[in-house]
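Chain and residue survey
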Amino acid sequence: LRNHVISMLEAADVETDPGIREELLTFVVAGAGYSGVETIGEINDLVHEISKSYPSLTRESLKVILLHSRERILPEMGSGLADFALKKLRQRGVDVRLQTRIAAATPHEAILNTGERIPTRTLVVTVGAAINPVLTSLALPREKDRILTNSFMSVPGMPGVWSLGDNAAVPNAVPNGEFSPPTAQYALRQGKRLGDNLAAVIHGQPQRQTPFAFAGLGQLCLVGHRAGVAELAGGIKLSGFIAWLMWRNVYLMKLPGWDRRIRVGLDWTLDLIFPPELSYINLTRTQVVNQVHFEPGDFIIRQGDVGDQFYVIVSGEVDVFKEMPNGEKVHLSRLGQGEFFGESALLTGRRRNATIQASSRVDLMCMGRDEFNNLAGAWLKFSESVQSLSAERGKVLSLSLI
């Protein structure tokens with residue numbers, strides 16, 4: 001994400017098109033729980049700090065937007081701390097929009113449930129997790145999406161079935177029997193308690209089971225550099241620099257191994273003194289095929305563009321147009337599910353020879369030039385099929401010019 005943010009600022013620094021420049025300088029995070037608030041705080045600090053190194057960028061040109069579907073951010077915390085966090089984010093220039101949901105997203109915009117479209121090349125989604133798909137087909141009692149258990153973590157009416165963690169709705173005897181939140185500190189203790197309860201049942205001593213009871217260690221959240229909120233055991237509430245410092249100390253001690261703690265602690269200390277580095281972090285690539293979405297009327301490829309992606313249609317349809325020298329647009333074909341496009345420019349090294357436009361809501365799989373070449377080189381049948389279809393399409397394009 002850090003590398004991506006730097007790339008957006010570098011591209012915007014030399015971009016002359018106002019529309020593209022707005023996309024590059026708009027950063028959107030959807031979801032204002034812990035992850036969303038901490039992410040937007042870090043992004044906001046990063047873009048405003050390093051934008052000083054780019055002469056053509058101004059503070060006013062940067063847009064950092066946080067979207068949340070509820071009436072207040074940080075629903076896991078008390079209203080007082082949530083309001084403090086909201087105030088801090090807005091003071092730091094974050095555009096926080098409450099009761100607003102993401103409806104769809106394309107590579108160039110975030111589409112809201114109100115119909116508003118936010119031009120952006122950066123959308124980070126931190127909405128709540130859903131139940132694991134493996135469990136959706138099981139006939140188990142549910143509390144909303146999660147599997148319902150009793151206080152011993154066994155599923156009612158299902159002998160021998162137990163559940164815990166994010167997928168389970170586990171009653172907590174402390175303080176008032178409410179369901180445990182899906183966080184690590186509760187899941188870890190549920191695991192230990194369930195281990196003891198399982199041992200008691202296996203040894204024929206079910207009466208020795210103990211209900212799950214955990215008051216919680218507290219909750220911490222950052223809202224940006226040197227500012228945080230904390231709600232500790234016993235009802236103690238903190239905000240500002242003290243909460244930020246406590247967050248760092250707690251997470252530092254959670255790291256495995258003193259060598260890692262020292263390295264990270266030293267890095268955090270230097271971060272207080274020196275400005276952030278503008279160099280990229282070298283990361284191993286973990287994903288070579290991406291999924292992208294387009295709305296009806298969106299342009300996926302424009303004739304004359306440099307070709308760097310190969311696309312396969314997962315769902316929906318696209319139209320193929322040839323733009324003639326006199327400005328006329330000739331409709332060549334309509335492609336649907338399972339068909340592909342974008343191969344010609346990758347095979348020939350030339351620019352795009354046609355325009356592709358979404359005729360409906362379209363989901364695509366795409367891969368870059370290197371991945372496409374590797375696949376074509378390793379899989380002969382794929383290469384032959386792509387080259388054959390590309391040749392046929394080339395004939396159609398030639399005939400359209402006559």
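Residues numbered from 1 in each chain as written. Predicted model: local features only at pLDDT ≥ 70, side-chain atom pairs only at ≥ 80, totals over all residues. Heavy atoms only, no water.

**Quick look at helix α4 (residues 79-91)**
The end-to-end C-alpha distance of α4 is 18 Å, a good match for the 18 Å that 13 residues give at a rise of 1.5 Å each. Taken as a whole, α4 has its buried residues at Leu81, Ala82, Ala85, Leu86 and Leu89. The buried residues of α4 all sit within an arc of 140 degrees when viewed along its axis, so they share a single face. Across from the buried face of α4, at angles greater than 90 degrees, the exposed residues are Lys87 and Gln91. Contacts made by the buried residues of α4 are with α3 (34-50), β2 (63-67), β3 (95-97), β11 (218-224), β12 (227-232) and β13 (237-240). Of the residues flanking the end of α4, it is Gly93, one or two places downstream, whose phi is positive at about 100 degrees. (Helix = DSSP H or I, 4+ residues; strand = E, 2+ residues; numbered from the N terminus. Expected span 1.5 Å × (residues − 1). Buried < 20%, exposed > 50% of the residue type's maximum accessible area, 1.4 Å probe, protein only. Arc of directions from axis to C-beta. Contact = heavy atoms within 4.5 Å.)

**Looking at the sheet that holds strand β19 (residues 340-341)**
Taking strand neighbours across the sheet as the criterion, the four strands line up as β14-β21-β16-β19 in an open arrangement whose pairing is antiparallel. Both outer strands of the open sheet, β14 (289-294) and β19, are each paired with one neighbouring strand and no more. For strand β16 (residues 309-315) and β19, the ladder comprises two bridges, and the chain directions are antiparallel. Bridge pairing in β19 links Val312 to Phe340. (Pairing = 2+ DSSP bridges.)

**Here's the deal with the side chain of Ser51**
As for its position among the elements, Ser51 is in the loop between α3 and β2. Those residues in contact with Ser51 that sit more than four places away from it in its chain are Leu9, Leu57 and Leu62.

**What about the packing of aromatic side chains?**
Taken as a whole, this structure holds seven aromatic pairs when the rule is applied. An angle of 35 degrees between the planes, with centres 6.2 Å apart, marks the rings of Trp247 and Trp268 as tilted. With Trp247 in helix α7 (residues 241-254) and Trp268 in helix α8 (residues 258-273), the pair connects residues that are 21 residues apart, well separated along the chain. Assigned by exposure class, Trp247 and Trp268 land together as buried. When the centroid spacing of 5.1 Å and the interplanar angle of 15 degrees are considered together, the rings of Tyr311 and Phe341 count as stacked. Taken as a pair, Tyr311 in strand β16 and Phe341 in strand β19 lie far apart in primary sequence, 30 residues in all. For the pair shown, Tyr311 and Phe341 are each scored as buried. One cation-aromatic arrangement involves Arg248 over Trp268; the distance from NZ or CZ to the ring centre is 4.5 Å. When the ring centre of Phe299 is taken as reference, the NZ or CZ atom of Arg302 above it lies at 3.8 Å. (Phe/Tyr/Trp six-rings, centres within 6.5 Å; stacked < 30°, edge-to-face > 60°. Lys NZ or Arg CZ within 6 Å of the ring centre and 35° of its normal.)

Nothing here speaks to function; it is all geometry.
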